[in-house]
Amino acid sequence: MRPALLPDPVGLKFVPLEAPPDWDAEFGFTGPLELEIGSGAGGHALEYCRRNPGVRFVAFEWRKKYARDTQMRGEKLGLKNLRVIESDARFVVPRIFAPGSLDVIHLQFPDPWWKRSHAKRAVVQPDFAKLMLGLLKPGGRFDMRTDVQDRAVAMLGILEEAGFHNPLGAGVFHPYDPEEVPSTRERRYLASGEPVYRARLVKPAP
């Protein structure tokens with residue numbers, strides 16, 4: 001069931017920024033800085049932050065209902081390490097994260113944009129893949145998951161072409177790791193046995 005639209009926007013103070021904020025001051029502590037692009041219903045973000053309280057986690061979700069609900073649930077859980085931003089990550093991320101500042105980028109089940117005319121709306125495009133590579137620290141990780149095989153193959157190819165290293169070899173997807181935190185959608189697929197295509201790519205050291 002979709003959440004009701006809560007009245008208070010979340011994360012809008014970050015949207016007009018032209019330079020990265022002081023994330024140490026924003027969270028009140030230092031630690032790994034991680035980004036999730038398209039947090040959806042928030043299942044992954046909330047559980048990940050609960051399990052990893054030392055991680056500073058910034059989740060983008062353009063659908064206001066989900067973004068606001070995720071932030072509200074995080075506050076009820078007492079999560080001090082979660083910030084949700086209700087905006088399109090493609091336009092805001094390049095301005096609020098410095099090159100080499102991110103430890104992990106998460107992208108789970110992005111909209112496949114089935115219509116050919118809508119393909120340009122997909123998150124993983126060559127230019128954005130290069131941008132994400134630049135935002136990661138050397139050794140930083142890009143964690144991608146999707147249930148659409150042809151989109152998975154296309155995205156993996158774009159990311160590898162941009163310079164991401166695939167520890168299992170070019171074009172190879174990663175098996176499920178029970179230590180991972182699944183998203184709300186992935187939990188359903190795991191329960192039903194439907195396939196999920198996973199990639200854990202790394203930014204090579206200079």
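It should be emphasised that the depicted structure is a prediction, and the values quoted were computed from it without experimental measurement. (Residues numbered from 1 in each chain as written. Predicted model: local features only at pLDDT ≥ 70, side-chain atom pairs only at ≥ 80, totals over all residues. Heavy atoms only, no water.)

*Asks:* What's the story with the pattern of salt bridges in this structure? I'm lost.
*Replies:* A side chain with one charge can pair with a side chain of the opposite charge if their charged atoms come near. Here the structure, examined in full by the defined rule, presents 17 salt bridges. The shortest N-O distance in the salt bridge between Glu26 and Arg83 comes to 2.7 Å. Of the two residues, Glu26 is situated in helix H1 (residues 23-27) and Arg83 in strand S3 (residues 82-85); the sequence distance between them amounts to 57 residues. Arg50 is the salt-bridge partner of Glu47, the closest N and O atoms lying 2.6 Å from each other. Separated by three residues within a single helix, Glu47 and Arg50 lie in helix H2 (residues 43-51), roughly one turn from each other. Taken together, the shared-partner salt bridges in this structure form one network comprising Asp143, Arg145, Glu180, Glu186, Arg198 and Arg200. (Salt bridge = Lys/Arg side-chain N within 4 Å of Asp/Glu carboxyl O. Helix = DSSP H or I, 4+ residues; strand = E, 2+ residues; numbered from the N terminus.)

*Asks:* Any chance you could explain the sheet that holds strand S2 (residues 56-60) here in plain terms?
*Replies:* Note: strands within a sheet are paired through backbone hydrogen bonds, in either parallel or antiparallel orientation. Strand order across the open sheet formed by six strands is S3-S2-S1-S4-S5-S6, with mixed pairing between neighbours. Of all strands in the sheet, those bounded by a partner on one side alone are S3 and strand S6 (197-202). Across the sheet, the axes of successive neighbouring strands diverge by a mean angle of 15°, strand direction being ignored. Across five bridges, the pairing between strand S1 (residues 33-37) and S2 is parallel. What sits directly across from Glu34, in S2, is Phe57. Sheet strands in contact with helix H6 (residues 149-162) are strand S5 (136-146) and S6, and its direction is about 165° off that of S5. (Pairing = 2+ DSSP bridges. Axes fitted to C-alpha atoms, helices over the stretch in contact; angles between N-to-C directions. Contact = heavy atoms within 4.5 Å.)

*Asks:* Even after reading the chapter, I still don't get H2, so can you show me in this structure?
*Replies:* Each full turn of the α-helix corresponds to 3.6 residues, which orients residues three or four apart in the same direction. Among the nine residues in H2, seven count as buried, and that is most of the element. Gly43, His44, Ala45, Leu46, Glu47, Tyr48 and Cys49 are the residues of H2 that are buried. (Buried < 20%, exposed > 50% of the residue type's maximum accessible area, 1.4 Å probe, protein only.)

*Asks:* Would you mind showing me how to read the UniProt feature "binding site: S-adenosyl-L-methionine" (unreviewed entry) in the chain here?
*Replies:* The positions that UniProt labels "binding site: S-adenosyl-L-methionine" (unreviewed entry) are, in the present scheme, Glu36, Glu61, Asp88 and Asp111. In three dimensions, the annotated residues from a span of 76 residues occupy one location, with a maximal C-alpha spread of 14.2 Å. With respect to the secondary-structure elements, Glu61 resides in the loop between S2 and helix H3 (64-76). Apart from the residues lying within four places of it in its own chain, the contact partners of Glu61 are Gly38, Ser39, Gly40, Tyr66, Ala67, Ile85, Glu86 and Ser87. There is a polar contact of 2.6 Å between the side chain of Glu61 and the backbone nitrogen of Gly40. Position of Asp111 among the secondary structure elements: in the loop between strand S4 (102-108) and helix H5 (126-135). (UniProt positions renumbered as here; feature names shortened; annotations may be inferred. Polar contact = N/O pair within 3.5 Å; in protein donor to acceptor, adjacent residues only side chain to side chain.)

*Asks:* I'm lost on unusual backbone geometry in this one. Help?
*Replies:* As a rule of thumb, non-glycine residues mostly have phi less than zero, and peptide bonds are mostly trans rather than cis. One non-glycine residue with positive phi stands out, namely Phe109, at about 55°. With respect to the helices, strands and loops of the structure, Phe109 is situated in the loop between S4 and H5. Accessibility expressed as a relative area gives 10% for Phe109, which makes it buried.

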